[in-house]
Amino acid sequence: MSARGDQPRTPVLRQEYRPPAWWVDHVELEFDLDATETRVTSRMSVRRNPEVDAEPLTLSGAGLETKRVEIDGEPAKFDERGADETLVVEGVPERAEVTTEVVVHPERNTALEGLYKSGAMLLTQCEAEGFRKITWFPDRPDVMATYRVRLAGDRERFPVLLSNGNCMETGELDDGRHFAVWNDPFPKPSYLFAIVAGELSELADTFTTRSGREVALKFYSEPENIGQLDHAMESLKKSMAWDEERFGLEYDLDVFHVVATHDFNMGAMENKSLNIFNARYVLADRETATDADYEAIESVIAHEYFHNWTGNRVTCRDWFQLTLKEGLTVFRDQEFTADMRSPGVKRIQDVSDLMARQFPEDAGPMAHPVRPERYVEINNFYTATVYEKGAQVVRMYETLLGRDGFRRGMDLYFERHDGQAVTCDDFRRAMADANDADLEQFERWYRQVGTPTVEASTRYDESAGELVLELAQRLPEHPDNRNIGALMIPVKVGFLDTDNRPLPVTLSGESEAGPETRLLVLTDEKAEYRFRDLPADALPSLLRDYSAPVKLDYDWSSRDLARLAGFDSDPFSRWRAMRRLSERVLGDLIEGRDEHDAELLIEAWAAVLDGSGEDPALAAELLSLPSVGELAQDRDPVDIEAIHAARVELLGLLGRRLENALRERFDTLAPTGEWSSEGPDAARRRLRNVALGLLASGGCDDAAEWASKHYDGADNMTDRLAAFRTLVHHELEGAQDALADFEQRFADDQLVMDKWFAVQATRSDERAVDDVRRLMDHAAFRLNNPNKVRSLIGAFAMMNPVAFHRADGAGYKLVGEVLDKLDDINPQVGARLATSFNRWRAYDDKRSAMMKEQLQKLAAKKGLSPDIEEIVTAALKDRSGG
Ligand code: TRP
Ligand code: ZN
């Protein structure tokens, strides 16, 4: 656990970056492994950095029992400062070998950062600042060293001993112990270091790179899960081939390891040649994983693999640059998934995810630029903003420079910076220089806070015979936005004629007809674009493909939204139009207005259902309503009950009015050919399950019977889970049986039990609070397992507003109690859960006061972790009202 003082911690500032006073060129580590007490000896070859003023060697360490410190083999004078977790070594010559020996306690480590125990295995998590929990070191990403690691431990308990790089030597020791020596020839920052030791089964394969290097691919899991590794292995091979094809990037070592663990704070970690994964992003088979799980695994495997170049070979100079590797690598994994699957559906999913998770962050007390200016606890900045909005920022380079231009920029980036720790500015310069482009203004995307708005309006200039489009941009109110100025915003536009056919977009003064989608680049506060040869009633389709991470303000009529939803050539634009139309109807229902456009929406949905044979996956995306949480985003005060009631009402109406079409879809979409987790087979399943859900929403007579049959007859987890959710969420007859059956069927499968917990935690009913409380005592639940906390408590707090905001405060109280405990167990996971109180000011006085009380209780806790403290303090200070 990091230092917990009682005075508020001072934030680290981006502007205060200083190069390190000492370099470490090479480090030799020795681990004497044991679950209760592991001894770590480190020999660092240090060298003073002549470019900065001399200062004593200062190392970081947290929770270490220091046994010895030596300089060139002689005992050293050192000063261990517990409060700031540093060790200052006096009298180190310009170059020296500094040795430290420490003891750590993996079994006691519930924070899952540093060296810890999961099941029977010992493993490490070092990003961002976990290496200092293993040994004394300048634990910052701009200090890059080569590592040689010797692992020794009991042969029975730890038959497999892994670290980064190549295995150089193995052998026997006394007392049933053995050892392995690993050498990583690539200099790396300490956050990419990893070891794994335990009794693991192995799935092996090979990949031959295009230059002919044969790479051994090895996946490890607990022996009982060895049969669930094949999909991840295939995903890795696809990723390796894709990165060669699209970016010319080859793997650089002879081995690549992936290890699955059940105890992990995040999704996965890109440690050099030893990726460690949350088991949920590795293990899959037809009975236990949904199609969505299969896709998520493929994408996370790709993400971590892609980090080998964007993150590892070229890394971050400091943690403010996190989006340099994360935004870029998310962009890369999104492109990979688009190429492997459906680009249109993938784009919709990514933008929809951005709007659901990142927009609230941008509007909340922790709002920060993709490149933050300050932090107290860096773990709190692994956010949707840094990752997902960061990926949109990277995508804009490609939109502006074209695919080839982007590739030229990437090539120059690697040519200049391979082996270095660099900044977002270095990336931007490579993009600019490779294309002779001026991207100075683009830098503002890295400094602005919150979601910008683009206001659009159109008019027809009769005298000139031109259609005029006006765009104006605006940043949200925020102290950090004061000196930003106008952003460089790519806006893709198109127009439809009255028959909904695309029109060429030609600017006034051009002699030849333009393309059907045109890229405009807004660089001023306001701009006017004039188009010739467009009819006065041409229907604008704006911000196609979501060409910039902004909110678009344009006053479409409901009828025009329905036209765009039905006929625009851009799938994202269709989805957004449908979203807007349903938001408008829901808005009217929430405010209790009698007049609304539900009929138009029903018509639009009917048309989608009717044409869904072509692309059932896209149809499934179009046939969805915004969640209660999303509808709450733009409201102040928020009335959760009214929002929920409106949503139930509209879903009911849609289900009833479309009943025949839905039944017909449910029948015709029954599986035909061979099962596959992707492609047409998965797309059919997707739409079929949407149809089932809507039939249940509509209260259709045999929904219960159909759902039960669907559940019992399912030969895959996608169908079984969809049927299960429908039964439980709609409290259909058969729900209790399904709950018992599911529990008993999957009692031994941790990952499937997570789904069982999550379905119950997200039932939109006030009684879900009591269910969650009861389930916390279930034998399969553990507060010290992040997946369990996320699937039961996280899902409840973040995805079940109806129950979380129960009028009597029982939901807040439950989450408050869990946070109090998590703060002692795992602050990193706790801090994420604490953000569920961020919008406390936006609710009615009673709820607002109860949420505030939970925040204040936490703030007053003695020894509160910096992680939770940072979140809670920001929430209490927030004046925005949400
Ligand atoms: N770098 C990891 C990724 O993007 C993220 C990560 C995994 C992480 N584990 C972590 C970040 C622990 C902070 C702490 O894939
Ligand atoms: Zn990443």
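The structure presented is a predicted model; accordingly, all values stated were derived computationally and were not measured.

Considering the overall build of the protein chain
The helix and strand inventory of the protein chain stands at 25 helices and 33 strands. Its C-alpha atoms give the protein chain a radius of gyration of 28 Å, within 12% of the compact-globule value 29 Å for 882 residues. Projected onto the principal axes, the alpha-carbon positions of the protein chain cover approximately 85 × 70 × 60 Å. When the 882 residues of the protein chain are sorted by exposure, 61% land in the buried category. The long-range fraction of contacts in the protein chain, counting pairs at least 24 apart against all pairs at least 6 apart in sequence, stands at 70%. Approximately 34,100 Å² of the protein chain is accessible, and the part contributed by carbon and sulfur atoms is 45%.

Describing the UniProt feature "domain: Peptidase M1 alanyl aminopeptidase Ig-like fold" (unreviewed entry) in the protein chain
Summarizing the sequence annotation, UniProt attributes the feature "domain: Peptidase M1 alanyl aminopeptidase Ig-like fold" (unreviewed entry) to residues 450–555 in the numbering used throughout. A distance of 22 Å separates the end C-alpha atoms of residues 450–555, which is 0% helix and 46% strand.

Regarding the environment of Met-269
Within the element layout of this structure, Met-269 appears in strand E20 (residues 268–269). Classification of Met-269 by relative accessible area gives buried; the value is 2%. For the pair formed by Met-269 and His-303, sequence separation is 34 residues and the distance between their alpha carbons is 9.4 Å. Not counting residues within four places of it along the chain, the set of residues in contact with Met-269 comprises Gln-125, Glu-127, Tyr-191, Leu-192, Phe-264, Leu-274, Asn-275, Ile-276 and Glu-304.

Notes on the nonpolar core
By size, the foremost hydrophobic cluster in this structure holds 287 residues, and its most contacted members are Phe-31, Phe-193, Phe-406, Phe-427 and Phe-724. In terms of residue count, helix H5 (residues 384–417) provides more of this core than any other element does, 13 residues in total. Here Phe-406 is in contact with Phe-247, Leu-328, Phe-331, Val-394, Tyr-397, Glu-398, Leu-401, Phe-427 and Met-431, once residues within four sequence places are set aside.

Quick look at the packing of helix H15 (residues 703–713) against helix H16 (residues 717–729)
Contact pair H15 / H16: the axes reach a minimum separation of 8 Å and the direction vectors enclose 145°. Judged by the sense of rotation from one axis to the other, the crossing of H15 with H16 is left-handed. In contact with Ala-704, Ala-707, Ser-708, His-710, Tyr-711 and Asp-712 of H15, H16 contributes Asp-719, Arg-720, Ala-723, Phe-724, Thr-726 and Leu-727. Taken together, the residues of the contact of H15 with H16 sort by class into six nonpolar, three polar and three charged.

Points about the pattern of salt bridges
A complete count under the given rule lists 99 salt bridges for this structure. Salt-bridge contacts for Asp-418 lead to Arg-313; the nearest nitrogen and oxygen are separated by 2.7 Å. Of this pair, Asp-418 sits in the loop between H5 and strand E24 (421–422) while Arg-313 sits in the loop between helix H2 (291–306) and strand E22 (315–316), and the two are 105 residues apart along the sequence. Among the residues examined, Asp-418 registers a relative accessible area of 32% and is labelled partly exposed. Here Arg-313 falls in the buried class, since its relative accessible area comes to 14%. Residue Arg-530 is joined to Asp-461 by a salt bridge in which the shortest nitrogen-to-oxygen separation is 3.1 Å. A residue pair is termed long-range when its members are at least 10 positions apart, and Arg-530 in strand E31 (residues 526–532) and Asp-461 in strand E25 (residues 453–461) qualify at 69 residues.

A closer look at a negative patch on the surface
A cluster of like negative charges, contributed by Glu-28, Asp-72, Glu-74 and Glu-97, occupies part of the molecular surface. Positionally, Glu-28 belongs in strand E2 (residues 22–32).

Quick word on the coordination of the zinc ion (ligand 2)
Reference values for angles at a metal are 109.5 degrees in the four-donor tetrahedral case and 90 or 180 degrees in the six-donor octahedral case. Taken together, the protein ligands of the zinc ion (ligand 2) are His-303 (NE2), His-307 (NE2), Glu-326 (OE) and Glu-326 (OE), with distances of 1.9 to 2.8 Å. If you list the donors of the zinc ion (ligand 2) from N- to C-terminus, the spacing comes out as H-x3-H-x18-E. For the pair formed by His-303 and His-307, the shared burial category is buried.

Looking at the site of ligand 1
In the neighbourhood of ligand 1, 16 residues make up the surrounding shell, with Glu-127, Ala-268, Glu-270, Glu-304 and Tyr-387 lying closest. One of the backbone nitrogen or oxygen atoms of Ala-268 is found 3.2 Å away from an oxygen atom of ligand 1. Within the side chain of Glu-270, an N or O atom sits 2.7 Å from a nitrogen atom of ligand 1. Considered on its own, ligand 1 offers 360 Å² of accessible surface; in the complex 98% of this is hidden by protein. Among the secondary structure elements, those contributing two or more residues to the shell around ligand 1 are E20, H2 and helix H3 (322–340).

A word on the pairing of strand E27 (residues 489–496)
The element E27 is extensively covered by neighbouring structure, given that seven of its eight residues are classed as buried. Examined bridge by bridge, E27 and strand E30 (residues 518–522) share five bridges and lie antiparallel to one another. Across the sheet, residue Pro-490 finds its bridge partner in E30, namely Val-521. Strand direction decides the pairing type here: E27 and strand E32 (residues 539–542), joined by four bridges, are antiparallel. Paired with Leu-496 across the two strands is Leu-539, which belongs to E32. Sheet analysis places E27 next to strand E28 (residues 502–503), joined by two bridges and oriented antiparallel. Counterpart to Leu-496 in the pairing with E28 is Pro-502. Count of turn residues in the E27/E28 antiparallel hairpin: five residues, of which Asn-500 carries a positive phi of about 65°.

Remarks on helix H1 (residues 230–247)
Its 18 residues place the ends of H1 26 Å apart at the C-alpha level, agreeing with the 26 Å of an ideal helix rising 1.5 Å per residue. With respect to burial, H1 is a largely interior element, 13 of its 18 residues being buried. Positive backbone phi, at 65°, marks Gly-248, one or two positions downstream of H1.

Considerations on the pairing of strand E8 (residues 86–89)
Alternating residues of E8 divide into Thr-86 and Val-88 and Leu-87 and Val-89, and every residue in both groups is buried. Sheet analysis places strand E4 (residues 57–60) next to E8, joined by four bridges and oriented antiparallel. Along E8, the bridge assignment pairs Leu-59 with Leu-87. Connecting the antiparallel pair strand E7 (residues 78–81) and E8 is a turn made up of four residues, with Glu-85 showing a positive phi of about 55°.

Focus: H16
Here H16 is 13 residues long and its end C-alpha atoms lie 17 Å apart, about the 18 Å a rise of 1.5 Å per residue gives. Of all 13 residues in H16, eleven are buried; the element is thus mostly enclosed. Buried residues along H16 sit in contact with H2, helix H14 (679–697), H15, helix H17 (735–745) and helix H18 (750–761). Between the side-chain oxygen of the N-cap and the backbone nitrogen of Thr-718 there are 3.1 Å, and the N-cap of H16 in question is Asn-716. One or two residues past the end of H16 sits Glu-731, with phi positive at roughly 50°.

What to know about the packing of aromatic side chains
Tallied over the entire structure, the rule returns 41 aromatic pairs. With a centroid separation of 6.2 Å and 35° between ring planes, the pair formed by Phe-572 and Trp-575 is classed as tilted. Taken together, the residues span about one helical turn, with Phe-572 and Trp-575 both in helix H8 (residues 571–590) at a distance of three residues. As far as burial versus exposure is concerned, Phe-572 and Trp-575 are alike and both buried. Members of the aromatic cluster, joined through ring pairs, are Trp-242, Phe-247, Tyr-251, Phe-256, Tyr-305, Phe-306, Phe-331, Phe-336 and Phe-406.

Some words on the sheet that holds strand E18 (residues 214–221)
With respect to topology, five strands assemble into an open sheet ordered E17-E18-E19-E21-E20, the strand pairing being mixed. The sheet terminates laterally at strand E17 (201–208) and E20, the two strands that pair on one side only. Note: E17 against E18, eight bridges, orientation antiparallel. Paired with Glu-202 across the strands is Tyr-220, a residue of E18. Sitting on the sheet, H1 touches E17, E18 and strand E19 (255–261), and the angle it makes with E17 is about 25°.

Remarks on the sheet that holds strand E9 (residues 95–104)
The sheet built from eight strands is open, its strands ordered E6-E5-E9-E3-E2-E12-E15-E14 with mixed pairing. Because the sheet does not close on itself, it has two edges, and the strands there are strand E6 (74–75) and strand E14 (166–172). Judged from the two bridges that link them, strand E5 (residues 65–71) and E6 form a sheet pairing that is antiparallel. Paired with Glu-70 across the strands is Pro-75, a residue of E6.

The rules behind these values
- Residues numbered from 1 in each chain as written.
- Chains lettered and ligands numbered in written order.
- Predicted model: local features only at pLDDT ≥ 70, side-chain atom pairs only at ≥ 80, totals over all residues.
- Heavy atoms only, no water.
- Helix = DSSP H or I, 4+ residues; strand = E, 2+ residues; numbered from the N terminus.
- Rg over C-alpha atoms; globule rule 2.2 N^0.38 Å.
- Buried < 20%, exposed > 50% of the residue type's maximum accessible area, 1.4 Å probe, protein only.
- Contact = heavy atoms within 4.5 Å.
- Areas by Shrake-Rupley, 256 points an atom, 1.4 Å probe, with all protein chains shown as cover.
- UniProt positions renumbered as here; feature names shortened; annotations may be inferred.
- Core = buried A, V, L, I, M, F, W, Y, C linked by side-chain atoms within 4.5 Å.
- Axes fitted to C-alpha atoms, helices over the stretch in contact; angles between N-to-C directions.
- Left-handed = near helix turned anticlockwise from the far one by under 90°.
- Nonpolar A, V, L, I, M, F, W, Y, C, P; charged D, E, K, R; others polar.
- Salt bridge = Lys/Arg side-chain N within 4 Å of Asp/Glu carboxyl O.
- Patch = residues over 30% accessible without salt bridge, like charges linked within 9 Å, V, L, I, M, F, W, Y side chains within 5 Å.
- Lys, Arg positive; Asp, Glu negative; His and termini not counted.
- Charge placed at Lys NZ, Arg CZ, Asp CG, Glu CD.
- Donors = N, O, S within 2.8 Å, 3.2 Å for Na, K, Ca; no water.
- Near = heavy atom within 4 Å.
- Polar contact = N/O pair within 3.5 Å; in protein donor to acceptor, adjacent residues only side chain to side chain.
- Pairing = 2+ DSSP bridges.
- Expected span 1.5 Å × (residues − 1).
- Phe/Tyr/Trp six-rings, centres within 6.5 Å; stacked < 30°, edge-to-face > 60°.

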